[in-house]
Amino acid sequence: MSNNREQWGTRLGFILAASGSAVGIGNIWKFPYIAGENGGAAFTIVYLACIMIVGLSILVAEFVIGRKTLLSPVGAFEKIAPGTNWKYVGFLGVASAFVILSFYGVVGGWILKYITVSIVGGFDSFASDTSASGALFNEFITSAYSPLFYQLIFMGLCVFVIIRGVKGGIEKWSKIMMPLIVVLLGVLAIRGMTLDGGMKGVSFLFNPRFGDLSASAIVLALGHSFFTVSLGMGTMITYGSYLKKDQNLLSSALWVIFLDTAIAMLAGVAIFTTVFALGADPASGPGLIFVILPSVFPEIAGGTIWSSIFFFLLFMAALTSAISILEVVTAYFIDQKGWSRKKSTLIFGSVITIVGCFCSLSLGGGINIIGIFGEDFFLGGTFFDVMDNLSGKYMLPIGGMLTALFVINKMGMKDYIKELSVGSDNQNINPSIIKGFLIVAAVVVAFIIFNEFYALLSGKALVG
Ligand code: TRP
């Protein structure tokens, strides 16, 4: 089966596809905010340390497992540890992909909607009026049909790319979209810095304020360093399985991490220079993107163009991540069930879209299937929140921790280093150092999981 496995065309194509997965909504709406709020450069330093230890170790582990086995997660774990329960780590990955893409597709739809509103000058009447922009956002996401329409288009685009395969679909589109994201963000960042008072935003992000760096900020940095590289569900195992043997896995991983971090920082500059120049509130998450920004862009010259560019690049970032999630599910049915790519993509693209409709409808459209468990169901009141929390707080960290443990306990350092050395000039990789990194990564992620469960059971996190 692996003889005619699809492969990436070029090294650059692979790096752009993997960083396309990593660079997503999280880079643009989460990193800038948590960095700004938690000590600016002081947070960034901690974050860089976390990403170089936890993010890098698990990213390399996923690449190694994928390229060694030339299989997507379930098959990969089964091949290295036949007849054991480790394959369930692969199943957990496929399940996480299902869960994440169901609500990610909904948010992708929101972004598409905002492109259309922005292009026709629809933000103009929101100038400095967050109650008006907030009303539009609330009304839109809580309505029944309109979000479903945009979600359908977004998911249709995912299917369109994935059905064309690894080289002709994922790689081709990543090579177009990733450079565009960087260029457009660069343009927005320069525009922002040239605004009167824009540099206040740069200082919010990059001025080190160690006083604001709390223990909970460190836990946030750890959690984000893991999420932002798309670890824990076998995305990077799947992408690694399309590699040729001549690739240097460590340097590819470093490139992905570099691009992910650089784009997050660039997004921070683009957003906060604009927000601070206009004296708006640097709020977090969806509110920052869908409420604050639509109210500040119309105040700057050429606002319609800038906001359209922003939502367009956010759309591309979301799409390159979403396709990597769908690819995990598609690859499972191709590798393990022998389905064609077309059948697998069409069927599961549709199933996930339908589940996603229920996420969207739970926000106010009238159907909250989690409602049968009562108002305060333990992971959040709406089906959308449950899917979000379930994946982000539990499934992905557990998957990532188990991946690190798998390498340490089951695969063994000898086989791991052997695969890691293939394609690398350095044939003297020190196993103890690599093992040390993996152990630290596993312990740290275990702590994050423990902290979440503790919060779930006792109502208050140990840290954070
Ligand atoms: N890394 C993505 C972001 O920053 C989110 C994400 C987490 C993800 N896990 C993933 C994307 C798995 C694709 C696959 O937004």
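Thresholds, definitions, all that
- Residues numbered from 1 in each chain as written.
- Predicted model: local features only at pLDDT ≥ 70, side-chain atom pairs only at ≥ 80, totals over all residues.
- Heavy atoms only, no water.
- Core = buried A, V, L, I, M, F, W, Y, C linked by side-chain atoms within 4.5 Å.
- Buried < 20%, exposed > 50% of the residue type's maximum accessible area, 1.4 Å probe, protein only.
- Helix = DSSP H or I, 4+ residues; strand = E, 2+ residues; numbered from the N terminus.
- Contact = heavy atoms within 4.5 Å.
- Patch = residues over 30% accessible without salt bridge, like charges linked within 9 Å, V, L, I, M, F, W, Y side chains within 5 Å.
- Areas by Shrake-Rupley, 256 points an atom, 1.4 Å probe, with all protein chains shown as cover.
- Salt bridge = Lys/Arg side-chain N within 4 Å of Asp/Glu carboxyl O.
- Lys, Arg positive; Asp, Glu negative; His and termini not counted.
- Charge placed at Lys NZ, Arg CZ, Asp CG, Glu CD.
- Phe/Tyr/Trp six-rings, centres within 6.5 Å; stacked < 30°, edge-to-face > 60°.
- Lys NZ or Arg CZ within 6 Å of the ring centre and 35° of its normal.
- Disulfide = S-S within 2.5 Å.
- 1 Å grid on protein atoms, 1.4 Å probe; cavity = no way out; pocket = protein on both sides within 12 Å on 5 of 7 lines; lining within 4 Å.
- Points joined across faces, edges and corners; volume = space filled by probe spheres on them.
- Nonpolar A, V, L, I, M, F, W, Y, C, P; charged D, E, K, R; others polar.
- Near = heavy atom within 4 Å.
- Polar contact = N/O pair within 3.5 Å; in protein donor to acceptor, adjacent residues only side chain to side chain.
- Expected span 1.5 Å × (residues − 1).

**Student:** Would you take a moment to explain the nonpolar core for this structure?
**Tutor:** Nonpolar side chains in soluble globular proteins tend to end up buried together. The biggest cluster of nonpolar side chains holds 162 residues, and the ones touching the most others in it are I289, F310, F311 and Y416. It is helix α14 (residues 303–337) that provides the largest number of residues to this core, a total of 20 residues. I289 has contacts with I28, W29, I271, P294, F310, F311 and L314, leaving out every residue within four places of it along the chain.

**Student:** When you look at a positive patch on the surface in this model, what are you seeing that I'm missing?
**Tutor:** On the surface, a cluster of positive charge is made up of K68, K79, K414 and K418. Looking at where K414 falls in the secondary structure, it is placed in helix α17 (residues 413–421).

**Student:** Explain the packing of aromatic side chains here, please?
**Tutor:** Remark: the centre distance and the inter-plane angle together describe each pair of aromatic rings, the angle taken between the planes. Under the definition given, this model contains 42 aromatic pairs. Note on Y114 and F123: the rings are 5.8 Å apart at their centroids and 45 degrees apart in plane angle, and the pair reads as tilted. We classify F123 as buried; its relative accessible area is 3%. In this structure an aromatic cluster arises from ring pairing among W29, F103, W110, Y114, F123, F126, F137, F290, F297, F310, F311 and F384. When the ring centre of F160 is taken as origin, the NZ or CZ atom of R164, which lies over that ring, is 3.9 Å away. One cation-aromatic arrangement involves K343 over W339; the distance from NZ or CZ to the ring centre is 4.2 Å.

**Student:** I tried to follow the state of the cysteines on my own but got confused; where do I start?
**Tutor:** Any covalent bond linking the sulfur atoms of two cysteines counts as a disulfide. The final tally for this structure, using the stated rule, is 0 disulfides. Summary of cysteine pairing: C357 is not part of a disulfide, and the nearest cysteine sulfur, belonging to C359, is at 9.0 Å.

**Student:** What is the right way to read the layout of surface pockets from this model?
**Tutor:** To locate leftover empty space, one rolls a probe as large as a water molecule over the atoms. Looking at the largest pocket, its volume works out to about 1,200 Å³. Lining the largest pocket are 41 residues, with K30, D388, N389, G392 and K393 positioned closest to its centre. When contributions to the lining of the largest pocket are tallied by element, the ones reaching two or more residues are α2 (25–37), α5 (87–119), α6 (130–142), α10 (215–227), α13 (285–296), α16 (383–411) and α18 (431–458). Split by residue class, the lining of the largest pocket holds 24 nonpolar, 12 polar and 5 charged. Lining the second largest pocket are 17 residues, and of these L56, L250, L420, I429 and I434 lie nearest its centre. Secondary-structure elements contributing two or more residues to the lining of the second largest pocket are α3 (41–69), α12 (249–277), α17 and α18. Considering each element in turn, the lining of the second largest pocket owes the most residues, 4 residues, to α18. Its residues placed into classes, the lining of the second largest pocket shows 10 nonpolar, 7 polar and no charged.

**Student:** It is not clear to me how unusual backbone geometry should be interpreted in this structure. Could you clarify?
**Tutor:** For residues that are not glycine, phi is negative in most cases, and the peptide bond is trans in most cases. The phi angle at L70 is positive, at roughly 55 degrees, despite the residue not being glycine. When you line up the elements, L70 lands in the loop between α3 and α4 (73–80). Look at S128: it is not a glycine, yet its phi comes out positive at around 55 degrees. With respect to the helices and strands, the residue S128 is situated in the loop between α5 and α6.

**Student:** What should I look at first to understand the side chain of H224 in this one?
**Tutor:** Looking at where H224 falls in the secondary structure, it is placed in helix α10. With sequence-adjacent residues up to four places away left out, H224 is seen in contact with G26, K30, F31, I34 and Y47.

**Student:** Looking at this structure, how should I read empty space enclosed by the protein?
**Tutor:** In total, this model carries 4 cavities of 30 Å³ or more according to the counting rule given. One number sums up the size of the largest cavity: a volume of about 190 Å³. If you go around the largest cavity, you meet 18 residues; those closest to its centre are S21, Y104, F227, S230 and I325. Mapped onto the lining of the largest cavity, the elements with two or more residues apiece are α1 (11–22), α2, α5 and α14. Grouping the amino acids of the lining of the largest cavity by side-chain chemistry returns 9 nonpolar, 9 polar and no charged.

**Student:** Help me understand the site of the ligand in this model?
**Tutor:** Around the ligand, a shell composed of 16 residues is seen, among which A22, I25, G26, N27 and S230 lie nearest. With respect to the ligand, the backbone of I25 contributes an N or O atom lying 3.1 Å from an oxygen atom. A distance of 3.2 Å separates a nitrogen atom of the ligand from a polar atom in the backbone of T228. When residues of the shell around the ligand are traced back to their parent elements, those giving at least two are α1, α2 and α14. Split into classes, the residues belonging to the shell around the ligand amount to 7 nonpolar, 9 polar and no charged.

**Student:** Help me understand helix α7 (residues 146–163), please; the structure alone is not making it clear to me.
**Tutor:** With 18 residues, α7 extends 26 Å from end C-alpha to end C-alpha; this agrees with the ideal 26 Å at 1.5 Å per step. Within α7, the full set of buried residues consists of P147, L148, Y150, Q151, F154, M155, C158, V159, V161 and I162. Turning to α7, the residues buried within the fold contact α5, α6, α8 (166–193), α14 and α15 (341–365). Positive phi shows up at G165, right after α7, with a value of about 90 degrees.

**Student:** In this structure, what is going on with α14? I would like to understand it.
**Tutor:** Each α-helix winds once per 3.6 residues, and so residues spaced three or four apart point in a common direction. Along its 35 residues, α14 runs 50 Å from first to last C-alpha, staying within 8% of the 51 Å computed at 1.5 Å per residue. Burial of α14 is extensive: 30 of the 35 residues sit out of reach of the surface. Phi for G338, located one or two positions after α14, is positive at around 70 degrees.

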